[in-house]
Amino acid sequence: MATGRTDPQRRERIIAATLDHIADEGVAGVSHRKIALRADVPLGSMTYHFGGMDDLLREAFTRFADQIVAVFELHLGRAGTPDEAREAVVELIHLLSEGPRRELVLTQELYTLAARRDEYRELTHAWMNRSRRLLEQHFDPDTARQLDALIEGLALHRSLDTEPQDRELTRLAVRRMTTVAEPSA
């Protein structure tokens, strides 16, 4: 194990090890000892760098949320027209559902914590607000809110379904949600 003086990335390794551990064993399996072993740091580093397990979990899940928001920024930032924005949403849904199962597990672990504990609900609320602001660059606030839920829901369904829907069906769902209905005469 490296000493603190020669290991300036120790804190970052602890956070990464925490996310990896949660993806492998869930939040219930997290302990200071297990994370220290996985991060290859002395056990004392855990309390040196973090005020407790909740502090570590909040930092780790905040880092994870930042990574997902960066994916939203990348895809939505490229869109210049409404059709490009719709296609970016389709891409996000398929990227998130076809990507590593790690992201799916981490998302669900965070949602489970948020369902039980207010401080994690605040974290997920901040994450959703950031995602929605990015969607609002292309869609009205109500539609952005609905699209955010669609992205989460379809990504989850696609990743767990034995026969996930194809891009055309996703494209159709996004188009329906983002196309303004003509008023009836």
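Residues numbered from 1 in each chain as written. Predicted model: local features only at pLDDT ≥ 70, side-chain atom pairs only at ≥ 80, totals over all residues. Heavy atoms only, no water.

Undergrad: Tell me about the side chain of His-75, residues and numbers included.
TA: Of note, His-75 is situated in helix α4 (residues 53-77). You can call His-75 buried: its relative accessible area is 16%. When near neighbours in sequence (up to four residues on either side) are disregarded, His-75 contacts Ala-88, Glu-91, Leu-92 and Leu-95. (Helix = DSSP H or I, 4+ residues; strand = E, 2+ residues; numbered from the N terminus. Buried < 20%, exposed > 50% of the residue type's maximum accessible area, 1.4 Å probe, protein only. Contact = heavy atoms within 4.5 Å.)

Undergrad: How would you summarise the nonpolar core if you had to cite specific residues and measurements?
TA: In terms of nonpolar packing, the biggest core is built from 47 residues, with Ile-14, Phe-61, Phe-72, Leu-76, Val-89 and Leu-135 touching the most fellow members. At the level of secondary structure, the elements contributing two or more residues to this core comprise α1 (10-25), α2 (32-39), α4, α5 (82-98), α6 (101-116), α7 (118-135) and α8 (141-160). A total of 10 residues in this core trace back to one element, the largest contributor, which is α4. If sequence neighbours within four positions are ignored, Phe-72 has contacts with Gly-77, Leu-92, Leu-96, Ser-131, Leu-134, Leu-135, Asp-148 and Ile-151. (Core = buried A, V, L, I, M, F, W, Y, C linked by side-chain atoms within 4.5 Å.)

Undergrad: Mind laying out α2, listing which residues take part and the relevant values?
TA: Three- or four-residue spacings in an α-helix give side chains the same orientation, since the helix completes a turn every 3.6 residues. Listing the buried residues of α2 in full gives Ile-35, Ala-36 and Ala-39. Considered in projection along α2, the buried side chains sweep an arc of 100° and stay on one side of the axis. Seen from the buried face of α2, the exposed residues on the opposite side, beyond 90 degrees, are Arg-33 and Leu-37. Close packing links the buried residues of α2 with α1, α3 (44-49) and α4. One or two positions beyond α2, positive phi appears at Asp-40, with a value near 60°. (Arc of directions from axis to C-beta.)

Undergrad: Residues and numbers for the pattern of salt bridges, please.
TA: Taken as a whole and assessed by the stated rule, the structure comprises 18 salt bridges. Here Arg-63 ties to Glu-12 by a salt bridge, and the two come within 2.6 Å at their closest N and O atoms. One end of the pair, Arg-63, is in helix α4; the other, Glu-12, is in helix α1, with 51 residues separating them in the sequence. With its nearest N and O atoms 2.4 Å apart, the salt bridge here joins Glu-168 to Arg-171. Pair noted here: Glu-168 and Arg-171 are both in helix α9 (residues 167-178), with a separation of three residues, about one helical turn. Shared partners join several salt bridges into a network, and the residues in it are Asp-20, Arg-102 and Glu-103. (Salt bridge = Lys/Arg side-chain N within 4 Å of Asp/Glu carboxyl O.)

Undergrad: Requested: an account of unusual backbone geometry, with residues and values cited.
TA: One non-glycine residue, Asp-40, lies in positive phi territory at about 60°. Relative to the assigned elements, Asp-40 resides in the loop between α2 and α3.

Undergrad: Before we move on, could you go through the packing of α1 against α6 and cite the residues and values that matter?
TA: Relative orientation of the contacting elements α1 and α6 amounts to 90°, with a least axis distance of 9 Å. With respect to each other, α1 and α6 are oriented roughly perpendicular. The residues of α6 that touch α1, namely those facing Ala-16, Leu-19, Asp-20, Ile-22 and Ala-23, are Arg-102, Val-105, Leu-106 and Glu-109. Along the lines of polarity and charge, the residues of the contact of α1 with α6 split into six nonpolar, no polar and three charged. (Axes fitted to C-alpha atoms, helices over the stretch in contact; angles between N-to-C directions. Parallel < 35°, antiparallel > 145°, perpendicular 65-115°, else oblique. Nonpolar A, V, L, I, M, F, W, Y, C, P; charged D, E, K, R; others polar.)

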